[in-house]
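# Tertiary structure, described
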Amino acid sequence: MTGGPIVGALNGRRPRLVERYRRFLPVSDATPPLTLGEGFTPLVHARRLGAELGLTRLFLKVEGQNPTGSFKDRGMVVAVARALEDGAKALICASTGNTSASAAAYGAAAGLEVVVVLPRGQIALGKLLQALVAGAHVVAIDGNFDEALTLVRQLADDPAHPITLVNSINPYRLEGQKTAAFEVCDDLGAPPDVLAIPVGNAGNISAYWAGFRAYRDAGEIEALPRMFGFQAEGAAPLVLGHPVDQPETIATAIRIGNPASWDKAIAARDESDGVIQAVSDEQILAAYQDLARLEGVFCEPSSAASLAGIRALAESTDLDRDATIVCVLTGAGLKDPATAQASAPAIAESEPNVDAIRRVLGW
Ligand SMILES: Cc1ncc(COP(=O)(O)O)c(C=O)c1O
């Protein structure tokens, strides 16, 4: 156990994520005990969606319940704690939105300067506001995520202005993100048969696969799941086998044409006898709405790619109906109010009396 107080709003009953899985993480007694209460997210049995798809054991890993509303917090807490340990004064990232929200929050908690470089006009409003409110320097460029990542790599390489890069190419990020795989196994009491996950820069699928293997090697689980990754049709370099110059999809968090963790994602697919497939924006939006309407789980559009992919496979292949399938829902629905508003029904209006309300309701 590390000494010193736990930073954040937790009491002694719930350990910090980094404490819980400490033996699998690159931390030591010298690592500051930073936390905003990340991890321990729910694994929800999706009974209604499962019944519709004929899948008896369909589960949702609801990562939108992390402190800044996405899975990024699992890796960010480790990356920022290690940056603090190494004496960093500033953090920098490129982002499709969630990394910047997470870096801004953990950077604020750690008292570090945070710089985020974003593709102009392509960031969901909720994520942008999170970064701005937390006091990050937000710089918009006329370019896509891949170009933003190239620029921050160059800035981070400049010895004249030391700054720690906290994109998922920072190895501590993926180390921390492994903890989601541990939680899934702990909650199920065994590994799932299939782990379905949206894929953008391909860090998360790589982290889950590393997590499952680490748990197997430590004797915590006996088998490994099959990894099913899903990209958006207009941003599917791993499916096509080559980078996409102008990635396009409504799912802004996975609008990435040249994934940084390309080789790791392909290895996760091949070593696990998995698949990486594309889903259309229509399939993503249908899954996004059904998750909210049938399960009460409001995720952001990119997250719904995991269910969209499982649904397509359930409809077109002989996916084992009794397999334990976990769909990772990577981020929270309120991050992207524009997409929610575009697909939401109109608000009914009424005179302020019960008869009028009854009429509006068709009673
Ligand atoms: C909500 C959401 N889902 C999925 C992804 C894709 O994760 P990765 O880039 O690690 O593949 C991201 C990445 O930004 C994200 O924010």
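Residues numbered from 1 in each chain as written. Predicted model: local features only at pLDDT ≥ 70, side-chain atom pairs only at ≥ 80, totals over all residues.

### Here we look at the overall build of the protein chain
Within the protein chain one finds 15 helices and 10 strands. Computed over the C-alpha atoms, the radius of gyration of the protein chain is 20 Å, within 12% of the 21 Å expected from 2.2 N^0.38 for a compact globule of 363 residues. Here the protein chain holds 363 residues, and the buried ones make up 52% of them. Put simply, 73% of the contacts in the protein chain that link residues at least 6 apart link residues at least 24 apart. (Helix = DSSP H or I, 4+ residues; strand = E, 2+ residues; numbered from the N terminus. Rg over C-alpha atoms; globule rule 2.2 N^0.38 Å. Buried ≥ 20, exposed ≤ 12 C-beta atoms within 10 Å, placed from the backbone. Contact = placed C-beta atoms within 7 Å.)

### Concerning the sheet that holds strand β2 (residues 57-62)
Spatially, six strands are ordered β1-β2-β10-β7-β8-β9 in an open sheet, and the strand pairing comes out mixed. Looking at which strands have only one partner, the edges of the open sheet turn out to be β1 (43-45) and β9 (275-279). In this sheet, neighbouring strand axes are inclined to one another by 25 degrees on average, regardless of whether the strands run parallel or antiparallel. Pairing of strand β7 (residues 194-198) with strand β8 (residues 226-232), which is carried by five bridges, proceeds in the parallel orientation. Across the sheet, Leu195 pairs through a bridge with Met227, a residue of β8. (Pairing = 2+ DSSP bridges. Axes fitted to C-alpha atoms, helices over the stretch in contact; angles between N-to-C directions.)

### Observations concerning the environment of Leu17
Summarising the element assignment, Leu17 is placed in helix α1 (residues 17-20). Taking the number of C-beta atoms within 10 Å as the measure of exposure, Leu17 has 27 and is therefore buried. In this structure, the C-alpha to C-alpha distance between Leu17 and Pro191, residues 174 residues apart in sequence, is 19 Å.

### Quick notes on the site of the ligand
Among the 19 residues in the neighbourhood of the ligand, the closest are listed as Gly200, Asn201, Ala253, Thr330 and Gly331. Looking at the shell around the ligand, its residues break down into five nonpolar, 13 polar and one charged. (Near = placed C-beta within 6 Å. Nonpolar A, V, L, I, M, F, W, Y, C, P; charged D, E, K, R; others polar.)

### A few points about the nonpolar core
Among the nonpolar cores identified, the biggest contains 107 residues, and Val80, Val116, Ala196, Tyr208 and Ile284 are the most heavily contacted of them. A total of eight residues in this core trace back to one element, the largest contributor, which is helix α3 (residues 72-85). When residues of this core are sorted by domain, at least three fall in each of domain 1 (43-69 + 173-343) and domain 2 (79-170). In contact with Ala196, not counting residues within four places along its chain, are Phe228, Phe230, Ser306, Gly309, Ile310, Ile325, Val326, Cys327 and Val328. (Core = buried A, V, L, I, M, F, W, Y, C linked by C-beta atoms within 7 Å. Domains from an automatic or database assignment.)

### Describing the domain arrangement of the protein chain
By a widespread convention, an interface's size corresponds to the accessible area lost as its parts come together. Along its sequence, the protein chain is carved into domain 1 (43-69 + 173-343) and domain 2 (79-170). Among the secondary structure elements, those contributing two or more residues to the side of domain 1 that touches domain 2 are α7 (171-177) and α14 (337-343). Considering each element in turn, the side of domain 1 that touches domain 2 owes the most residues, three residues, to α7. Looking at the side of domain 1 that touches domain 2 residue by residue, the class counts come to nine nonpolar, 10 polar and five charged.

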